[in-house]
Amino acid sequence: ENKQEEEVWVPDRRENETKADMGSKTWADLAGEMKIFLWNPEEKTCLGRTAKSWGLILLFYFIFYTCLAGMFAFCMYVMLLTLSPYTPTYRDRVSPPGVMIRPYLNGFTIAFNVSQRSTWQPYVDSMHHFLAAYDDKVQEEKNIECISGQYFIQGGNESEEKKACQFKRSLLRNCSGIEDPTFGYSKGQPCILTGTEKAGYRPGAGVPVRVDCKVQKGNESDLRSVDFYPGNGTFDLMYYPYYGKFTHVNYTSPLVAMHFTDVRRNYLVPIQCSLNGRGIINDLNSDRFLGRIIFMLNIGK
């Protein structure tokens, strides 16, 4: 029993002595030990490792991460070989494209007061900026005149640069910003542009797609008059198909201008403008941009 007590007591005593020794160390002793740990001149070790040991471990990690980077680069290369920069590999199961509007500043609500220039001037500036690419001179220099009423199908290699048809802003007439630089905003008769664009899409199955606008919800008399430009508000077939930005470099999407000449004042009017034609889907409640666009007009006096 005495021997067993002694065996138990001796480790405890040693542990207490070790704690006492550690407690008696000064900051200078700890700094010295740290210095030896960082660099031991006798054993010539740094952080407990010799130069050979450090070299081997660094070589291992260098080879390891080089192999990982090589595998990643190889996988990316193989994946890119399966993709074409000109034709999307996977396309939406819904063929009709989405619809956009301009100006687009603060979401899909266009609100301003006719008597306060500061409220509608940003919309006017946005329209001029957007239509700069549609200037008649720019279109004449970059694009060609096409035959109206038929698709402009271009063969050849898919990487070959495609020609684009002219769409001059003068076709928008009262909404071109040429005769009226304010696009009707100064009179409370705003112009809004709409367009659609999708690679490879041929709208209407040979029949031009037409734009139509109405009050989405509420009194239909809130929207009493809308003029469409060009023509009767259709997208001419000669601007399709679109071959993508890599080959159709100078392509400018065709537009339809909607001139709201008589809208109820001082009231938020929800308006829905839809594409109408063969193969067009514009009545899905789950997608407000498929084949249509919904926005708000609030014109103050």
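Residues numbered from 1 in each chain as written. Predicted model: local features only at pLDDT ≥ 70, side-chain atom pairs only at ≥ 80, totals over all residues. Heavy atoms only, no water.

- Going by the annotation in an unreviewed UniProt entry, the name recorded for the protein is Sodium/potassium-transporting ATPase subunit beta, with Nestor notabilis given as the source organism.
- Checking UniProt for the protein, the heading Sequence similarities (unreviewed entry) contains the comment "Belongs to the X(+)/potassium ATPases subunit beta family."
- Listed in UniProt under the heading Function (unreviewed entry), the comment for the protein reads: "This is the non-catalytic component of the active enzyme, which catalyzes the hydrolysis of ATP coupled with the exchange of Na(+) and K(+) ions across the plasma membrane." (UniProt positions renumbered as here; feature names shortened; annotations may be inferred.)

1. Observations regarding empty space enclosed by the protein
Where empty space is left becomes clear once a probe the size of a water molecule has been rolled over the atoms.
Point 1. Taken as a whole and judged by the stated rule, the model has two cavities of 30 Å³ or more.
Point 2. Put simply, the largest cavity is a space of about 40 Å³.
Point 3. Together, Phe152, Gln154, Lys163, Ala164, Cys165, Met238, Tyr239, Tyr240, Pro241, His248 and Tyr251 line the largest cavity.
Point 4. Taken together, the residues of the lining of the largest cavity sort by class into eight nonpolar, two polar and one charged. (1 Å grid on protein atoms, 1.4 Å probe; cavity = no way out; pocket = protein on both sides within 12 Å on 5 of 7 lines; lining within 4 Å. Points joined across faces, edges and corners; volume = space filled by probe spheres on them. Nonpolar A, V, L, I, M, F, W, Y, C, P; charged D, E, K, R; others polar.)

2. Re helix α4 (residues 117–131)
Point 1. The end-to-end C-alpha distance of α4 is 21 Å, a good match for the 21 Å that 15 residues give at a rise of 1.5 Å each.
Point 2. Listing the buried residues of α4 in full gives Trp120, Gln121, Tyr123, Val124, Ser126, Met127 and Leu131.
Point 3. Close packing links the buried residues of α4 with β1 (100–102), β2 (109–113), β3 (191–195) and β7 (255–263). (Helix = DSSP H or I, 4+ residues; strand = E, 2+ residues; numbered from the N terminus. Expected span 1.5 Å × (residues − 1). Buried < 20%, exposed > 50% of the residue type's maximum accessible area, 1.4 Å probe, protein only. Contact = heavy atoms within 4.5 Å.)

3. Considering the sheet that holds β3
Point 1. Taken in spatial order, the four strands of this open sheet run β1-β3-β7-β5, and their pairing is antiparallel. Looking at strand neighbours, the two that pair on one side only are β1 and β5 (223–229), the edges of this open sheet. Going from strand to strand, the sheet's axes swing by 30 degrees on average, the running direction of each strand aside.
Point 2. The sheet contact formed by β1 and β3 spans three bridges and is antiparallel. (Pairing = 2+ DSSP bridges. Axes fitted to C-alpha atoms, helices over the stretch in contact; angles between N-to-C directions.)

4. A short note on the pairing of strand β8 (residues 268–276)
Point 1. Among the nine residues of β8, seven are classified as buried, and the element is accordingly described as predominantly covered.
Point 2. Sheet analysis places strand β4 (residues 209–215) next to β8, joined by six bridges and oriented antiparallel. From the neighbouring strand, Val211 faces β8, where its bridge partner is Leu275.
Point 3. When β8 meets strand β9 (residues 292–300), the two strands line up antiparallel, connected through seven bridges.

5. Section: the nonpolar core
Point 1. In this structure, Tyr185, Ile192, Val211, Phe260, Ile271, Cys273 and Phe295 are the most contacted members of the largest nonpolar core, which totals 52 residues.
Point 2. At the level of secondary structure, the elements contributing two or more residues to this core comprise β2, α4, β3, β4, β5, β7, β8 and β9.
Point 3. Ranked by the residues each element gives to this core, the list is headed by β7, at six residues.
Point 4. Excluding residues within four positions of it along the chain, Phe295 makes contact with Ile101, Phe108, Ile192, Phe260, Val269, Pro270, Ile271, Cys273 and Arg288. (Core = buried A, V, L, I, M, F, W, Y, C linked by side-chain atoms within 4.5 Å.)

6. So, the UniProt feature "transmembrane region" (unreviewed entry) in the protein
Point 1. Sequence positions flagged by UniProt for "transmembrane region" (unreviewed entry) are, in local numbering, residues 58–83.
Point 2. Between the first and last C-alpha atoms of residues 58–83 the distance is 38 Å; the span itself is 92% helix and 0% strand.

7. Topic: the pattern of salt bridges
Point 1. Under the criterion given, the structure shown has four salt bridges.
Point 2. Note that Lys168 and Glu140 form a salt bridge whose closest N and O atoms lie 3.0 Å from each other. One end of the pair, Lys168, is in the loop between α5 (136–142) and β3; the other, Glu140, is in helix α5, with 28 residues separating them in the sequence.
Point 3. Notably, a salt bridge pairs Asp222 with Arg264, separated by 3.4 Å at the nearest N-O pair. Separated by 42 residues along the polypeptide, Asp222 in the loop between β4 and β5 and Arg264 in the loop between β7 and β8 bring together distant segments of the chain.
Point 4. Judged by relative accessible area, Asp222 falls into the buried class, the value being 4%.
Point 5. In this structure Arg264 comes out as partly exposed when scored by relative accessible area, which is 36%. (Salt bridge = Lys/Arg side-chain N within 4 Å of Asp/Glu carboxyl O.)

8. What about the state of the cysteines?
Point 1. Summed over all chains, the structure comprises three disulfides.
Point 2. Put simply, Cys146 and Cys165 are joined by a disulfide, and their sulfur atoms are 2.0 Å apart. Here the S-S torsion is close to -95 degrees, and the disulfide linking Cys146 with Cys165 is therefore left-handed. Taken together, the residues span a long stretch of sequence, with Cys146 in the loop between α5 and β3 and Cys165 in the loop between α5 and β3 at a distance of 19 residues.
Point 3. Given the relative accessible area of 21%, Cys146 is considered partly exposed.
Point 4. The connectivity of the disulfides in the protein is 1-2, 3-4, 5-6, where the numbers refer to bonded cysteines in sequence order. (Disulfide = S-S within 2.5 Å.)

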